[in-house]
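What the coordinates show
Here is how the chains run, residue by residue.
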Amino acid sequence: VLRCLGIPTRVITNFNSAHDKNLNLSIDKYIDMSGNNLHLSEDSVWNFHVWNESWFVRRDLGSYYDGWQVLDATPQEKSKGIYQCGPASTRAIKEGDVDLDYDSPFVFAAVNADCVTWIRYSKKRMERIYSDTRKIGKFISTKAVGTNSRVDVTANYKYPEVKEIPFKISYSQYKNSLMDDRKILVTAV
């Protein structure tokens, strides 16, 4: 419909798409001390999810947010009381501006939520035991104009993940570092 009105529009596919039901920007999993899933969260990760992007000028948000806007014609959650999603600025999503209207937090989580596992010791005591910051929002794609090729638009939604630099130290170096810590402790007492 938007294309018929002359508004540039394209289909976007997001792989490992988060569905953050409680809008806390993470996908939470709760387990008991035996490792059994407690089903305390309605958050989920979908293999993929598809939405549209359309090119708009955003007088309501300011020109900084002009450009591609996320519109989901099949929202699974209510927004302001009705089933709707967007238009959320892709620039706002990339910059983490989740305080803006039009479902920015929900779309941000869909492409960039952390997957967090919690162990529940009691109703009052939980501990985060694992966090995966790289699982969500993979190969965000659209179709190339004039061909059936895939165009990766992930960089429009998120910055590249920081690569961890592995390092190793010998046991003797580790032991010496403990001794240095002990000297500091003794000196401080």
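If you're wondering where the values come from, they're calculated on a predicted model, not measured in any experiment. (Residues numbered from 1 in each chain as written. Predicted model: local features only at pLDDT ≥ 70, side-chain atom pairs only at ≥ 80, totals over all residues. Heavy atoms only, no water.)

1. What about the confidence of the model for the protein?
Where we set the bar: pLDDT measures how confident the predictor is about each residue, on a scale from 0 to 100. Per the convention used, a helix needs a DSSP run of H or I reaching at least four residues, while a strand needs a run of E reaching at least two, with both numbered from the N terminus. Only heavy atoms matter for contacts: two residues are in contact if any of them lie within 4.5 Å across the pair.
With 86% of its residues at a pLDDT of at least 70, the protein reaches an overall mean of 87. Mean pLDDT across the elements of the protein ranges from a minimum in helix 4 (residues 171-188), with 56, to a maximum in strand 11 (residues 150-152), with 97. Counted against residues more than four places away or in other chains, residues 184-189, with its pLDDT under 50, gives 0 contacts.

2. Remarks on the pattern of salt bridges
Heads up, the condition is: A pair is scored as a salt bridge if a Lys or Arg side-chain nitrogen falls within 4 Å of a carboxyl oxygen belonging to Asp or Glu. Partly exposed describes any residue whose relative accessible area lies between the buried limit of under 20% and the exposed limit of over 50%, with all areas from a 1.4 Å probe on protein chains only and scaled to the type maximum.
The tally for this structure, following the rule as stated, stands at 5 salt bridges. Here D60 makes a salt bridge to R58, at a shortest N to O gap of 2.9 Å. Looking at R58, the relative accessible area reads 3%, which means it is buried. One salt bridge connects R150 with D152, and the closest N-O pair in it is separated by 3.5 Å. Taking relative accessible area as the criterion, D152 reaches 40% and is therefore assigned partly exposed.

3. Structural notes on the side chain of K158
Test applied: Polar contacts here mean pairs of N or O atoms no more than 3.5 Å apart (in protein, one a potential hydrogen donor and the other a potential acceptor; neighbouring residues in sequence count only if both atoms are side-chain atoms).
With respect to the helices and strands, the residue K158 is situated in the loop between helix 3 (154-157) and helix 4. K158 sits in the buried class, given a relative accessible area of 5%. For K158, the side chain forms a polar contact with the main-chain oxygen of G137, separated by 3.2 Å. Residues contacting K158, with those up to four places away along its chain left out, are K94, V111, N112, I136 and G137.

4. Focus on the environment of T9
Here T9 lies in strand 1 (residues 9-19). Here T9 falls in the buried class, since its relative accessible area comes to 15%. Sequence-wise, T9 and Q69 are 60 residues apart; in three dimensions their C-alpha atoms are separated by 9.2 Å. In this view, T9 contacts L2, R3, N52, E53, S54 and W68; residues no more than four positions away in its chain are not counted. At 3.0 Å, the side chain of T9 forms a polar contact with the backbone oxygen of I7.

5. A word on the sheet that holds strand 2 (residues 26-31)
How we decide: A pair of strands is treated as paired once DSSP finds two or more bridges between them. Structural elements are reduced to axes, namely lines fitted to C-alpha atoms, with helices fitted over the stretch in contact, and the angle between N-to-C directions of any two is expressed from 0 to 180 degrees.
Taken in spatial order, the 3 strands make up an open sheet running 2-8-9, and their pairing is mixed. Each edge of the open sheet is held by one strand with a lone partner, namely strand 2 and strand 9 (126-132). The sheet shows a mean angle of 25 degrees between the axes of neighbouring strands, taken without regard to direction.

6. Focus: empty space enclosed by the protein
Where we set the bar: Both cavities and pockets are sets of points on a 1 Å grid over the protein atoms alone; in a cavity a 1.4 Å probe fits but cannot get out, in a pocket the set is open with protein on both sides within 12 Å along at least five of seven lines, and lining residues sit with an atom within 4 Å of a point. Grid points are joined across faces, edges and corners, and a volume is the space filled by probe spheres set on the points. As a working rule, the residues Ala, Val, Leu, Ile, Met, Phe, Trp, Tyr, Cys and Pro are called nonpolar, Asp, Glu, Lys and Arg charged, and the rest polar, with Gly in that last group.
In total, this model carries 1 cavity of 30 Å³ or more according to the counting rule given. There is about 120 Å³ of room inside the largest cavity. If you trace the largest cavity, you find 15 residues lining it, with H49, W51, D72, F106 and A110 closest to the centre. The set of elements that each furnish at least two residues to the lining of the largest cavity consists of strand 1, strand 3 (44-56) and helix 2 (104-112). In the lining of the largest cavity, the residues fall into 9 nonpolar, 5 polar and 1 charged.

7. Observations regarding the nonpolar core
Convention followed: Only buried residues count toward a nonpolar core. Its members are Ala, Val, Leu, Ile, Met, Phe, Trp, Tyr and Cys residues joined through side-chain atoms within 4.5 Å.
Membership of the largest hydrophobic core comes to 14 residues, with the highest contact counts inside it found for W51, I93 and Y157. Element by element, the count of residues in this core is highest for helix 2, at 5 residues. When sequence neighbours within four positions are dropped, the list of residues in contact with Y157 reads I12, W51, E53, V70, T90, I93, K94, V111 and I140. Of all hydrophobic cores here, the second largest spans 6 residues; its members include A18, A113, C115 and I136.

8. A short note on the packing of aromatic side chains
This is how it is decided: Geometry of aromatic contacts follows a simple scheme: Phe, Tyr and Trp rings, the Trp one being its six-membered ring, pair when their centres are within 6.5 Å, and the pair is stacked under 30 degrees between planes, edge-to-face over 60, tilted otherwise. We count a charge as sitting over a ring when the NZ of a lysine or the CZ of an arginine lies within 6 Å of the ring centre and within 35 degrees of the ring normal.
Enumeration according to the criterion identifies 5 aromatic pairs in this entry. With a centroid separation of 6.5 Å and an interplanar angle of 20 degrees, the aromatic rings of Y30 and W118 are classed as stacked. Here Y30 is found in strand 2, whereas its partner W118 is found in strand 8 (residues 114-120), with 88 residues between them in sequence. Relative accessible area serves as the criterion here: at 15%, Y30 is assigned to the buried category. Assessed through its relative accessible area of 24%, W118 is described here as partly exposed. Seen in terms of ring centroids, Y64 and Y65 are 5.1 Å apart; in terms of plane orientation they differ by 85 degrees. Their pairing is edge-to-face. Overall, the relative accessible area of 41% leaves Y64 in the partly exposed class. Looking at R10, its charged tip hangs above the ring of W68, at a distance of 4.0 Å from the centre.

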